[in-house]
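Remarks on the overall topology
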Amino acid sequence: VSELRFNELRAEQVAYAIHRQERTFLPAAARCPLCPTRPGGPETEIPLDHFEIAVFDNLFPAFESPLGAAEVVVYTDSHEGSLGSLPAERAEALMWVWRHRYRELGAREDVHYVLIFENRGVEVGVTLHHPHGQIYGYPFLPPVPQLELTADQRLHGCASCALLHEELASRRRVIYENEHVVAYVPYAARWAYEVHVVLREHRPSLLACHAGELELLAACLQSIVRAYDALFDRPFPYVMVVHQQPTAPTPSELPPSGHLHVEFYPPLRTSEKLKYLAGSEQGAGTFISDTLPERSATALREALARAAEPA
Amino acid sequence: MAGNRTDRPQPGHSPPARRQLEPAPGREEQDPGPEEPAPGPEEQDPGPEEQDPGPEEQDPGPEEQRGEHCGPLAIARRRKGDGRALILYTREERRRT
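Reference entry: report on the structure contained in this document.

**Regarding the packing of aromatic side chains**
Considering all chains together, one arrives at 14 aromatic pairs over all chains under this definition. With centroids separated by 4.9 Å and ring planes inclined at 55°, the aromatic side chains of A:F63 and A:Y138 adopt a geometry described as tilted. Of the two residues, A:F63 sits in the loop between strand 3 (53-57) and strand 4 (69-74) while A:Y138 sits in strand 6 (residues 132-138), which places them 75 residues apart along the sequence. Each member of the pair A:F63 and A:Y138 is classed as buried. Summarising the aromatic geometry, the rings of A:F232 and A:F236 are spaced 6.0 Å apart at their centres and angled 35° between planes, so their arrangement reads as tilted. Residue A:F236 is classed as buried on the basis of its relative accessible area of 0%. Among the aromatic residues, those joined into a cluster by ring pairs are A:Y193, A:Y228, A:F232, A:F236, A:Y238 and A:F264. The side chain of A:R5 reaches across the aromatic face of A:Y16, ending 5.0 Å from its centre. Of note, B:K80 hangs over the ring of A:F56, and the distance from its end group to the ring centre comes to 5.6 Å.

**Observations regarding the pairing of strand 11 (residues 261-265) of chain A**
All names here are of chain A. Within strand 11, five of the five residues are buried, which leaves it mostly tucked inside the rest of the structure. Going residue by residue along strand 11, you find H261, E263 and Y265 tucked away on one face and V262 and F264 tucked away on the opposite face as well. Of the strand pairs in this sheet, strand 10 (residues 238-243) and strand 11 are connected by five bridges, and their pairing is antiparallel. Counted as the bridge partner of M240 is F264 from strand 11.

**Overview of the pairing of strand 10 of chain A**
Two faces belong to every sheet, and in a regular strand the side chains alternate between them. All names here are of chain A. Among the six residues that make up strand 10, six are buried, leaving the element largely enclosed by the rest of the structure. Here strand 10 shows a buried face lined by Y238, M240 and V242 and a second buried face lined by V239, V241 and H243. Strand direction decides the pairing type here: strand 5 (residues 113-120) and strand 10, joined by five bridges, are antiparallel. In the strand pairing of strand 10, E118 is matched with M240.

Rules and cut-offs
Residues numbered from 1 in each chain as written. Chains lettered and ligands numbered in written order. Predicted model: local features only at pLDDT ≥ 70, side-chain atom pairs only at ≥ 80, totals over all residues. Heavy atoms only, no water. Phe/Tyr/Trp six-rings, centres within 6.5 Å; stacked < 30°, edge-to-face > 60°. Helix = DSSP H or I, 4+ residues; strand = E, 2+ residues; numbered from the N terminus. Buried < 20%, exposed > 50% of the residue type's maximum accessible area, 1.4 Å probe, protein only. Lys NZ or Arg CZ within 6 Å of the ring centre and 35° of its normal. Pairing = 2+ DSSP bridges.

Here you go:
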């Protein structure tokens, strides 16, 4: 039974989805529910012997119709690999899938915000290793996108555009750029190797992007994941979240804005040590970081160069 | 009790209504940029299945529904045995070969 309760002290909704306790937890590769259904093998979530990209309703949804949505996006029928190791053409196709799901879920009356994300690594709670992401359709506007709209209001325009302008002027934290997309460690990063990937032009959502932007967004995301893996020469755990314009009317006091960008929140602060959300982060809401964003950007630029070297 | 509370939807609920998702009033939303061609016609004018789920959406069957597109991708919709939606995205040129 899913239930929303409003936490008055935090002014936030908490979703209770107790059925998720029973979800599949780190199965052996032979029993992966995201692999194709093999002849003689158990039926998986995708009853086909091969596929390119598949999207299906989560068997253990945090939100479901008529009060939201929870979908699984399977990037490939190969059990191994990552977003970074997909063929470029497949990563580009994934951007179109995200776009399609944003449009379709966002058109529903019960979906106020479409959150596309990927959790990678057991360090962030992954329960299935097969390359995949998820999409939640929230039946309300969650706090983070609401804060972003508040930032737009505070800065009297698009906050993401303003921050991108500052990063490009400074260049100290920029780690990657192409014709349409820029990636940088933000000035006030919370995580040691946090990276934001931002469209150069003001695009509220994937719907506003043209084909060339989607192609280069995919290329940038793949480069960042490869740089992460090269940073400590190990699969790099992260949470990756696509931030876009809400799909329902926003509160009247906030501007109907939003700027498509992708944020990576990696929990590693060294090759072996994790950043935990402890007293200050949980009790006060103030992150304490051990790493300066400028140093992280230098390390990531070097990792990016190593990742681009021929094997 | 403070706050709102919602119960899990009961089986048999009809699919939620859809609204036409309009582009944001952002400045580039109306002018996506001259250097690249605009998205394909199906993006500018979503097919009837975008406006209205159609009878198959209301009464799901196991058969794939073909003919829907998104950029370079062909879309095939199916229903799993338990009624959950499954959508398959395939590159057009690959499907034709």
